[in-house]
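# Per-entry structural report
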Amino acid sequence: MDKFVRMCLMGCLLLLVGLLPLAMGGHNYGDALSKSILFFEAQRSGHLPSTQRIKWRGHSGLNDGKTVGVDLVGGYYDAGDNVKFGLPMAFTVTMMSWSVLEYGKQLDSSGELNHALDAIKWGTDYLIKAHPEPHVFYGEVGDGNTDHYCWQRPEDMTTSRQAYRIDPSNPGSDLAGETAAAMAAASMVFRRYNPSYAKTLLSHAYQLFDFADKYRGKYDSSITVAQKYYRSVSGYADELLWGAAWLYKATNNEYYLNYLGNNGDALGGTGWAMTEFGWDVKYAGVQTLVAKFLMGGKAGHHASVFGKYQEKADYFMCSCLGKGSRNVQKTPGGLIFRQRWNNLQFVTSASFLMTVYSDYLTSARKTLKCPSGNVQPSELLSFAKSQVDYILGDNPRATSYMVGYGNNYPQQVHHRGSSIVSIKVNPSFVTCRGGYATWFSRKASDPNLLVGAIVGGPDAYDNFADERDNYEQTEPATYNNAPLLGLLARLHAGHSGYNQLLPVNLPSLKPIAVRPKPAPRSVHPKPTRNPRVFPAPVSSSKQIDVVQKMTASWVSGGKTYYRYSTVVTNKSGKTLRNLQISVSKLYGPLWGLAKYGNSYVFPAWVKSLAPGKSIEFVYIHSASAASVSVSSYTLA
């Protein structure tokens, strides 16, 4: 109860932004893309390469698999812990691969294609190791229960590194099916760049799908330690269809096309109408892919069955748009809301599906048919963009939920490696419980910046508590980021004019450019001894600039609400203190300033504004913009 109260109160806390936010002039999707890929390097397990860009990380898990006689070194930690969970890792690889397959040209033009390929290969290299026999797959290394008892850097782990597997006696069709999908999708990615590697991946995909289909069962009934963390609620039917769809896409083998056609009803592909898509529930993804096959003229004699798949794909898209018979829930700020724990995973995945479906419909010259009427494909892309913009800062709290992007982002991320001093800085061993006492409980910013991480995100009312123990909102995950690779590349580069219903034609690789180091920050001038007080200017002056803009609107309860952003910039060459702002005609909540009598002032923890710096405050109401003016201030 105490935690719930704190989270609710945090929704009303004041918000400071030290610099003019990117949202004011549109988001830098290229920068966000670069950061989103960089996050995967912080999640690496194993022996780190010389090209590692996240320097505060070190080698870890170098004995993984040793107790079972299998090399299981490598792969990704799923989130803020040190466990390697196979199901979300494979889904992460599938979504990164799908991003490259759809938007490889845009990734290339953004200069991030090489990094995306590296991120995929780090995952597939491990998945190959985890599949030492046709009908054996190691689906987890480490135990979530013992791992969560400790708070240690991955480089210091003393927790169990037991390896858990599925086999014919202990099946896991969902895990094997998802991994088959990952291998098949990745094989298409590497077909041009590394043909022999692509052939190896495809061979594993064939074997894993056969394993999944022949020995059916839920993986968490075999690897029971995963139930508390990644329970397969949807079962394995969706993964069987998902794996078949990707194998057909990768091979054009009629067997997999027939599998989709003959099993669509029995396995739920034509029956389940979904409003979510993620590491557990794949139906909407399957339906999107099959709809593409149908629009591309590849359905053959299964056209009528594939039409049912497409109806369910349409259902998902219409529900997300709010134009269906059963629509997804949204926050007052317009964000898709599925659950309070790591909600942004569903936002990024749904936004990716909407983006590719928009491009499929555009290529096929079709519209989306919703219960409320026909919808143009561009509307799907616009809505997906609105979700990305919300994540990057266009929200009631003016908070970026991507660490390191913008000027106001989570500082206390629920992540062991990020929250503990780097082993490169202080190699002193961090004990299991000592990590909790010394680092987890710190009420300070993380010592290591987890660049690009998408955290769990706000609650159903757009509230967010930046606290390390608030794992529901501040813990990141690889599968949050994976769909963003393609989505951000698409938004950054725009449509390049090719038909996405045609076969994939990825660009040739280019050398990775070395980015110049940023220039050192300038030193602010020292204040004078005798500050001078100025009379109240109206809105702006030569010293203080005030800019106000409406950044978002949405409908709730039949009423239209508007989010306004006001930025006050110190244009003088001196330090701004004792700022008082008058706000009239305000009919809703305001964040970013403290109330002082009839005026607003700096928050309690802000004493001044340096030259050239800005402070932003935001407010929401269902009327036109409030009247804002500077009452008084001091320059020193």
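Residues numbered from 1 in each chain as written. Predicted model: local features only at pLDDT ≥ 70, side-chain atom pairs only at ≥ 80, totals over all residues. Heavy atoms only, no water.

The name that an unreviewed UniProt entry assigns to the chain is Endoglucanase, with the source organism given as Heracleum sosnowskyi. Under the heading Catalytic activity (unreviewed entry), UniProt records this for the chain: "Endohydrolysis of (1->4)-beta-D-glucosidic linkages in cellulose, lichenin and cereal beta-D-glucans." Looking at the Subcellular location (unreviewed entry) heading of the UniProt record, one finds this comment for the chain: "Secreted". (UniProt positions renumbered as here; feature names shortened; annotations may be inferred.)

## Comments concerning the overall build of the chain
Looking only at helices and strands, one finds 19 helices and 17 strands in the chain. Across the 636 residues of the chain, 61% fall into the buried class. Here the contacts in the chain between residues at least 6 apart in sequence split such that 76% fall between residues at least 24 apart. (Helix = DSSP H or I, 4+ residues; strand = E, 2+ residues; numbered from the N terminus. Buried < 20%, exposed > 50% of the residue type's maximum accessible area, 1.4 Å probe, protein only. Contact = heavy atoms within 4.5 Å.)

## As for the state of the cysteines
What the rule picks out here adds up to two disulfides. The disulfide bridge from C150 ends at C432, spanning 1.9 Å between sulfur atoms. Across the S-S bond linking C150 and C432, the dihedral sits near -85°, which makes this disulfide left-handed. You can see C150 sitting in the loop between α5 (144–149) and β3 (163–166) and its partner C432 sitting in the loop between α16 (416–419) and α17 (434–440), a full 282 residues away along the chain. On the basis of relative accessible area, C150 is assigned to the buried category, the value being 5%. With relative accessibility at 15%, the residue C432 sits in the buried group. Paired by a disulfide, C318 and C370 hold their sulfur atoms 2.0 Å apart. (Disulfide = S-S within 2.5 Å.)

## Things to note about the nonpolar core
Of all hydrophobic cores here, the largest spans 158 residues; its most connected members are W98, V100, W246, L260, Y357 and L368. Apart from residues lying up to four places away in sequence, L368 is in contact with D314, M317, C318, L321, Y357, L361, G373, N374, V375 and L380. Counting 21 residues, the second largest nonpolar core, distinct from the first, contains F602, F617, A626 and Y633. (Core = buried A, V, L, I, M, F, W, Y, C linked by side-chain atoms within 4.5 Å.)

## Examining the packing of helix α7 (residues 195–214) against helix α11 (residues 254–263)
Relative orientation and spacing of two packed helices are given, respectively, by the angle between their axes and the distance between those axes. Between α7 and α11, the least distance of the axes is 13 Å, while the angle of their chain directions is 30°. With respect to each other, α7 and α11 are oriented roughly parallel. The crossing of α7 and α11 is left-handed. Contact residues: α7 offers Y206, F209 and D213, while α11 offers Y255, Y256 and Y259. Each residue belonging to the contact of α7 with α11 can be placed in one class, and the counts come to five nonpolar, no polar and one charged. (Axes fitted to C-alpha atoms, helices over the stretch in contact; angles between N-to-C directions. Parallel < 35°, antiparallel > 145°, perpendicular 65-115°, else oblique. Left-handed = near helix turned anticlockwise from the far one by under 90°. Nonpolar A, V, L, I, M, F, W, Y, C, P; charged D, E, K, R; others polar.)

## A word on the environment of S386
Following the sequence through the fold, S386 ends up in helix α15 (residues 377–392). Expressed as a C-alpha distance, the spacing of S386 and A552, which sit 166 residues apart in the sequence, is 9.2 Å. Within polar-contact distance, the side chain of S386 engages the backbone oxygen of F383 at 2.6 Å. (Polar contact = N/O pair within 3.5 Å; in protein donor to acceptor, adjacent residues only side chain to side chain.)

## What about the UniProt feature "active site" (unreviewed entry) in the chain?
The UniProt record marks H414, D466 and E475 with the feature "active site" (unreviewed entry), using the residue numbering of this structure. The named residues occupy 62 residues along the chain; their greatest pairwise C-alpha distance, 10.2 Å, places them in one compact cluster. Relative to the assigned elements, H414 resides in the loop between α15 and α16. Relative accessible area serves as the criterion here: at 9%, H414 is assigned to the buried category. Residue contacts for H414: discarding those within four places in its chain leaves G80, W151, F440, R468, D469, Y471, T474, E475 and P476. A distance of 2.7 Å separates a polar side-chain atom of H414 from the backbone oxygen of R468.

## Looking at the packing of helix α12 (residues 283–295) against helix α14 (residues 344–364)
Direction vectors running N to C along α12 and α14 enclose 10°, while the axes themselves pass 10 Å from each other. As judged from the angle between their axes, α12 and α14 are roughly parallel. Within the contact between the two elements, α12 uses A284, G285, T288, A291, K292 and M295 and α14 uses L353, V356, Y357, Y360, L361 and A364.

## Quick word on the side chain of D462
Assignment of secondary structure puts D462 in the loop between α17 and α18 (471–474). Here G333 takes part through its backbone nitrogen, which lies 2.8 Å from a polar atom of the side chain of D462. The contact partners of D462, leaving out residues within four places of it in the chain, are T331, P332, G333, Y390, P396, R397 and Y401.

## Quick look at the side chain of T399
Within the secondary structure layout, T399 lies in the loop between α15 and α16. At 2.7 Å, the side chain of T399 and the side chain of R397 are in polar contact.

## Details of the confidence of the model for the chain
Here the chain shows a mean pLDDT of 88. Residues at 70 or above account for 89%. Counting interchain partners and residues more than four positions distant, the pLDDT-below-50 stretch residues 1–25 has 62 contacts. Scored below 50 in pLDDT, residues 512–538 shows 32 contacts in the model against residues more than four places distant or in partner chains. (pLDDT = per-residue confidence, 0-100.)

## A look at the environment of Y357
Mapping Y357 onto the fold places it in helix α14. The class for Y357 is buried, based on a relative accessible area of 0%. Counting along the chain gives 20 residues from Y357 to P377, while the straight-line C-alpha distance between them is 7.8 Å. With residues near it in sequence (within four places) discarded, Y357 still touches T288, A291, M295, Q310, A313, D314, M317, L368 and L380.

## Section: the sheet that holds β3
What the three strands build is an open sheet, ordered β1-β2-β3; its pairing is antiparallel. Each end of this open sheet is capped by a strand with a single partner; those strands are β1 (84–85) and β3. One ladder, built from four bridges, connects strand β2 (residues 137–141) with β3; its direction is antiparallel. Bridging across to β3, F137 finds its partner in I166. (Pairing = 2+ DSSP bridges.)

## Description of the packing of aromatic side chains
The tally for this structure, following the rule as stated, stands at 29 aromatic pairs. Taking the centre distance of 5.3 Å and the plane angle of 90° together, the rings of F190 and Y197 count as edge-to-face. In this structure, F190 and Y197 share a single accessibility class: buried. With centroids separated by 6.0 Å and ring planes inclined at 85°, the aromatic side chains of Y230 and Y479 adopt a geometry described as edge-to-face. Separated by 249 residues along the polypeptide, Y230 in helix α9 (residues 227–230) and Y479 in helix α19 (residues 478–493) bring together distant segments of the chain. (Phe/Tyr/Trp six-rings, centres within 6.5 Å; stacked < 30°, edge-to-face > 60°.)

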